[in-house]
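A structural walkthrough
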Amino acid sequence: MTAVEVTGLTVRYDGATALDGVDLTVADHQAVALIGANGAGKSTLVKALSGLVRPASGTITVNDRLAQVPEGREMFPDLTVDDNLRLGAWRRGRRNRDTQRLYELLPDLVPLRNRKAGALSGGQQQMVAIGRALMADPEILVVDELSLGLAPLIVGTLAAHLRALHTDRGLAVLLIEQNARLALDLCDHAYVLEAGRIVLHGPSAELARDPRVTDAYLGAGHE
Amino acid sequence: MSDLVGYLLTGLGIGSGFALVASGLVAIHRVTRVVNFAQGAFAVLAAMLTSTLLAAGLPHGLAEVGGVALGAAAGLLTGLIVLGPRRDSPGTTPGTALIVTLGLGVLAYAIEVLIWGDQPRSFPGVPGVAEIASARVPAHYLLIIGVAAPVFLLMALFFARTDLGKALSACASNRYAARVVGIDVRRMGLLAFALGGALGGLAGVLTTPVQQVTFDSDVTLIVNGFAAAVLGGLTRPVVALGGGLLLGVTQTLAAGYGGGAYQVEVALVLMLTVMIVQAARAR
Amino acid sequence: MRLLLLGAVTLAIPPLLPERHLATFVLFALTATVTVGVSLLMGYAGQVSLGQAAFYAIGAYAAGLLAVHGAPPVLGLLLAPVVAAVAAVLLGAPLLRLRGHHLAFATLAVQLILLSVLASADWAGGAIGLQGIPRLVGDDLGYAYAAIVVLTLAVLVSRNVIASRPGRALRAAATSEIAAAASGVPVGRHRLAVFALSAAMAGLAGGVYAFYLGYLSPGSFPVLLSIEFVVMAVVGGLGTVAGPVVGAGVIIVLVQLLNTLGTQPGMPGYAPSVLSYAVYAIVLITCVLYLPRGLVPALRRLRIPSRAG
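Residues numbered from 1 in each chain as written. Chains lettered and ligands numbered in written order. Predicted model: local features only at pLDDT ≥ 70, side-chain atom pairs only at ≥ 80, totals over all residues. Heavy atoms only, no water.

1. Details of the overall build of chain B
Secondary structure assignment for chain B yields 11 helices and 2 strands. Mapped from its N terminus to its C terminus, chain B presents α and β elements in the order α-α-α-α-β-β-α-α-α-α-α-α-α. For 283 residues, the compact-globule formula gives about 19 Å, and the C-alpha radius of gyration of chain B, at 19 Å, lands near that figure. Buried positions account for 57% of the 283 residues belonging to chain B. Put simply, 75% of the contacts in chain B that link residues at least 6 apart link residues at least 24 apart. For chain B, the accessible area works out to roughly 10900 Å², and carbon and sulfur atoms hold 67% of it. (Helix = DSSP H or I, 4+ residues; strand = E, 2+ residues; numbered from the N terminus. Rg over C-alpha atoms; globule rule 2.2 N^0.38 Å. Buried < 20%, exposed > 50% of the residue type's maximum accessible area, 1.4 Å probe, protein only. Contact = heavy atoms within 4.5 Å. Areas by Shrake-Rupley, 256 points an atom, 1.4 Å probe, with all protein chains shown as cover.)

2. Points about the pattern of salt bridges
Under the criterion given, the structure shown has 13 salt bridges over all chains. With a shortest N-O distance of 2.8 Å, Asp163 of chain B and Arg97 of chain A are connected by a salt bridge. Within this pair, whereas Asp163 of chain B is found in helix H6 (residues 163-173), its partner Arg97 of chain A is found in the loop between helix H2 (81-88) and helix H3 (100-105), the two belonging to separate chains. Summarising the burial analysis for this pair, Asp163 of chain B and Arg97 of chain A share the class buried. (Salt bridge = Lys/Arg side-chain N within 4 Å of Asp/Glu carboxyl O.)

3. Considerations on the sheet that holds strand S1 (residues 2-13) of chain A
Residue and element names in this part refer to chain A. Spatially, S2-S1-S4 is the arrangement adopted by the 3 strands of the open sheet, whose pairing is antiparallel. Sheet topology places strand S2 (16-27) and strand S4 (57-62) at the edges, where each strand pairs with a single neighbour. The mean inter-strand angle of the sheet, taken between neighbouring strand axes irrespective of direction, is 15°. Packed onto the sheet, helix H1 (residues 42-49) meets S1, S2 and S4 and runs at close to 115° relative to S1. (Pairing = 2+ DSSP bridges. Axes fitted to C-alpha atoms, helices over the stretch in contact; angles between N-to-C directions.)

4. Regarding the nonpolar core
In this structure, Tyr56 and Phe221 of chain C are the most contacted members of the largest nonpolar core, which totals 179 residues. Apart from the residues within four sequence positions on either side, Tyr56 of chain C is in contact with Leu30, Val34, Ala202, Ala205, Gly206, Tyr209, Phe221, Leu225 and Phe229 of chain C. Membership of the second largest hydrophobic core comes to 49 residues, among which are Leu112, Leu120, Ala133 and Leu207 of chain A. (Core = buried A, V, L, I, M, F, W, Y, C linked by side-chain atoms within 4.5 Å.)

5. Things to note about the UniProt feature "transmembrane region" (unreviewed entry) in chain B
Residues and elements named next belong to chain B. As annotated by UniProt and renumbered to match this structure, "transmembrane region" (unreviewed entry) occupies residues 6-28, 40-59, 65-84, 96-117, 137-160, 188-206, 226-249 and 261-280. What you have in residues 137-160 is 92% helix and 8% strand, and the ends, taken at the C-alpha atoms, are 34 Å apart. When the span residues 226-249 is considered, its composition is 75% helix and 0% strand, and the gap between its end C-alpha atoms is 16 Å. (UniProt positions renumbered as here; feature names shortened; annotations may be inferred.)

6. Focus: the interface of chain A and chain B
Each partner contributes to the interface: chain A provides 20 residues, whereas chain B provides 18 residues. Summed over both sides, the interface of chain A with chain B buries roughly 1700 Å², with 60% coming from carbon and sulfur. Taken as a group, Leu52, Phe76 and Trp90 of chain A account for 36% of the area that chain A buries against chain B, more than any other trio of residues on that side. Connecting chain A to chain B are 3 salt bridges. Our enumeration of links across chain A and chain B arrives at 6 residue pairs in polar contact (both at pLDDT 80 or more). Split by residue class, the side of chain A that touches chain B holds 8 nonpolar, 2 polar and 10 charged. (Buried area = accessible area lost by both parts, 1.4 Å probe. Polar contact = N/O pair within 3.5 Å; in protein donor to acceptor, adjacent residues only side chain to side chain. Nonpolar A, V, L, I, M, F, W, Y, C, P; charged D, E, K, R; others polar.)

7. Considering the sheet that holds strand S8 (residues 189-194) of chain A
Residue and element names in this part refer to chain A. An order of S5-S6-S7-S3-S8-S9 is seen for the 6 strands of this open sheet, with the pairing classed as mixed. Strand pairing shows two members of the sheet lacking a second neighbour, strand S5 (66-69) and strand S9 (197-203), which therefore form its edges. Pairwise comparison of adjacent strand axes, ignoring direction, gives a mean angle of 15° for this sheet. Bridge analysis of S8 against S9 gives 6 bridges, and the strand direction is antiparallel. Paired with Ala190 across the strands is Gly202, a residue of S9.

8. Re a nonpolar patch on the surface
Residues and elements named next belong to chain C. Taken together, the side chains of Leu75, Leu79, Val82, Val83, Val86 and Leu90 define a hydrophobic patch exposed on the protein surface, amounting to about 480 Å² of accessible area. Looking at the secondary structure, you find Val82 in helix H4 (residues 73-95). A relative accessible area of 44% means that Val82 is categorised as partly exposed. (Patch = residues over 30% accessible without salt bridge, like charges linked within 9 Å, V, L, I, M, F, W, Y side chains within 5 Å.)

9. Focus on the packing of helix H3 (residues 52-68) of chain C against helix H10 (residues 223-236) of chain C
Residues and elements named next belong to chain C. Taken N-terminus to C-terminus, the directions of H3 and H10 make an angle of 115°; their axes are 7 Å apart at the nearest point. The angle between H3 and H10 falls in the class roughly perpendicular. Each of Gln52, Ala53 and Tyr56 in H3 lies in contact with H10, whose residues at this interface are Leu225, Ser226 and Phe229. Partitioned by chemical class, the residues of the contact of H3 with H10 number 4 nonpolar, 2 polar and no charged. (Parallel < 35°, antiparallel > 145°, perpendicular 65-115°, else oblique.)

10. Focus on the environment of Phe76 of chain A
Tracing the backbone through its elements, the reader meets Phe76 of chain A in the loop between S5 and H2. Each C-alpha atom, one on Phe76 of chain A and one on Gly118 of chain A, is 7.1 Å from the other, the two residues being 42 residues apart in sequence. Those residues in contact with Phe76 of chain A that lie beyond four places of it in its chain are Asn84, Leu87, Ala117 and Arg132 of chain A together with Ala170, Ser173, Asn174, Ala177, Ala178 and Val181 of chain B.

11. A closer look at the interface of chain C and chain B
Across the contact, 37 residues belong to chain C and 35 residues belong to chain B. If you sort the residues of chain C by the area they bury against chain B, Arg97, Phe105 and Tyr277 of chain C come out on top, with a joint share of 21%. On the surface where chain C and chain B come into contact, there are 0 salt bridges. The interface formed by chain C and chain B includes 1 residue pair in polar contact (both at pLDDT 80 or more). Elements with a contribution of two residues or more to the side of chain C that touches chain B: H4, helix H5 (100-120), H10 and helix H12 (271-290) of chain C. For the side of chain C that touches chain B, the element with the highest residue contribution is H5 of chain C, accounting for 12 residues. Its residues assigned to classes, the side of chain C that touches chain B comprises 31 nonpolar, 4 polar and 2 charged.

12. Structural notes on the arrangement of the chains
By contact count, the dominant pairing among the 2 pairs of chains in contact is that of chains B and C. If you take every C-alpha in chain A and every C-alpha in chain C, the smallest gap between them is 19 Å, and the two do not touch.

13. With respect to the side chain of Gln125 of chain A
Residues and elements named next belong to chain A. Structurally, the position occupied by Gln125 is in helix H4 (residues 122-134). When its relative accessible area of 14% is taken as the criterion, Gln125 is described as buried. Ignoring anything within four residues of it in the chain, the contact list for Gln125 reads Arg73, Met75, Ala117, Gly118 and Leu120.

As structure tokens, this is what we get:
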């Protein structure tokens with residue numbers, strides 16, 4: 001079974017083509033990376049998956065419950081961490097908004113629960129964003145730019161959490177990342193997006209050896 | 001001394017009315033970014049309907065609830081027009097929305113004059129005069145305070161304690177994130193409009209026994225409500241409440257000690273000063 | 001050429017109109033003059049004024065007071081726009097720091113303060129009003145021509161402002177203030193200039209109005225009047241030369257038609273006011289929702305393809 005299946009997806013903004021015939025599949029319990037430079041169309045794909053932009057053509061099939069960790073973390077800055085988390089379960093109804101189990105899963109959030117989300121550090125906010133997405137009890141987690149603007153040490157911690165969620169709990173992951181090394185390291189399978197098109201895809205281990213990837217995305221400048 | 005206590009209580013009563021209008025404005029503006037010029041019209045519509053219901057023999061309480069319900073319905077209708085009728089309606093920009101609500105305010109004039117005529121209307125409130133600390137205050141002012149206070153308390157609890165209230169705050173805090181977690185931002189906007197309508201309606205129903213209402217009373221109400229709300233940048237309900245009370249007390253004191261004139265100017269000059277200071281500070 | 005033709009037609013209208021329509025024509029030309037200023041302000045400076053009737057009142061009272069105290073009417077008429085513009089500069093210096101709905105409410109507040117001051121000012125006749133203003137010209141036809149002159153002046157000035165370099169800069173500033181500021185345009189000063197100009201137009205129209213009516217009271221300048229100017233400007237099309245004139249014309253004709261209907265025997269006494277409120281509201285809302293750029297741009301778009309085909 002597939003968690004997400006995208007075929008021939010094309011999205012245009014005011015005539016400019018942001019995505020051009022994109023095919024992408026995430027199987028159940030699979031971790032897939034989508035790598036590409038700034039402006040390649042990664043965020044547009046995330047928005048299309050969540051129904052926030054309408055495709056010009058193509059189909060998106062989401063079979064499993066999908067939750068999103070948006071780019072830039074997008075906290076509710078005036079609300080507490082606990083309220084941010086509760087609202088993550090908005091779609092699931094009042095009975096399923098208890099945050100207790102989440103704190104067991106991500107104990108780092110416990111001391112932050114009553115603080116305003118806007119007052120947290122970037123790494124803490126990213127953890128809240130992951131927690132908020134988990135509150136929707138997803139089968140697939142779409143993470144948009146996990147590492148953006150965060151220190152390597154913090155990225156390492158977040159990546160470890162994500163890996164544990166994937167391997168221990170069977171959560172499917174679609175990781176959209178500029179940091180290709182992190183993405184290929186974390187995921188089994190990867191797609192490379194350039195100027196709105198998928199130019200390469202395959203198992204992460206293969207892509208990591210592909211010169212087109214190593215030259216463009218894993219060079220010294222991308223460490 | 002007893003004069004002062006009397007003015008203060010009267011001012012708090014009048015100020016509660018302003019504060020209710022102001023919180024309606026704030027409730028709508030926080031969630032939708034729309035400054036609703038029709039906010040005063042909700043109060044007038046509610047007051048007019050209440051006077052008719054009372055004249056038709058409905059008991060006090062029920063008639064007022066009817067008025068408030070009309071305010072809420074008018075608020076919802078305003079929201080539907082401003083935010084668009086369908087889920088995926090683009091809606092209007094905040095600038096355009098001000099013009100649309102301006103038009104809806106004028107439309108309310110047509111409806112009000114058609115149904116209720118253009119003469120001032122009123123209805124009896126709580127009769128008699130209460131004596132507090134040797135000050136004599138018309139008892140109805142105490143009723144206004146007595147109703148408005150728990151309403152504000154309930155609102156505070158609603159926003160702080162319920163998920164629905166938090167979802168409304170979430171839309172105010174970060175609309176994009178609200179959509180990401182699956183909150184229907186437009187539906188929340190409609191809810192805010194209905195709430196704003198009910199609060200405006202309550203203001204009209206409560207204050208009409210002490211201040212007659214005419215179809216064009218909405219201008220005074222909206223200006224005073226805006227003046228109160230602008231203190232908190234149109235986004236902070238508690239400041240709007242404080243602003244309304246302050247405005248009511250200041251006006252009553254100005255009227256009491258200043259001989260009746262300059263009542264209107266006090267609110268207006270205060271509002272202008274606040275806005276200009278805020279704008280100067282923002283640079 | 002087209003302008004000359006338009007001018008000739010306009011000049012030919014008043015003598016052909018029966019007495020009661022002549023009054024409507026004067027009202028139209030004066031209202032259109034104020035609306036030209038409002039349209040300039042909204043379309044070019046991006047500012048909503050809900051208090052333009054205040055400047056209309058200032059012009060009217062300036063002209064009326066001078067005339068009542070023995071000054072020649074022409075002097076009063078000439079000073080009316082000056083007084084209104086000076087008031088606008090004094091008020092605009094602090095107020096134009098505000099944007100959007102803040103400015104809208106600030107201008108509304110200014111008008112309410114002015115009305116309240118006028119109502120309690122004995123020297124201005126108080127709430128009863130200023131009476132016995134001498135006439136400027138002999139008959140309504142004369143006033144119609146005076147109003148045409150005033151309107152023409154406003155339209156020409158507005159045309160020049162729109163075509164000028166500062167006009168184009170302001171247009172840019174209405175959409176992106178940062179871009180305009182970055183281009184080195186003194187946006188603030190131009191904006192104040194447009195504010196003063198629009199006030200001068202309102203003041204000039206107010207001057208004619210004072211002599212035409214011969215009587216002024218605070219009640220002649222309600223907040224609703226300011227809203228009506230905004231409605232006409234929006235309906236006609238903001239920032240166009242013809243828009244405010246067309247907007248004022250369409251609305252005044254509609255209101256007049258419905259007024260005739262509303263005063264038919266058998267109609268209730270409140271019918272005319274209900275109908276006119278409804279016209280303002282429905283035309284405004286329909287226009288904003290379905291013709292957001294206004295009548296004139298919409299008509300222009302209709303015409304261009306038919307010409308090409």
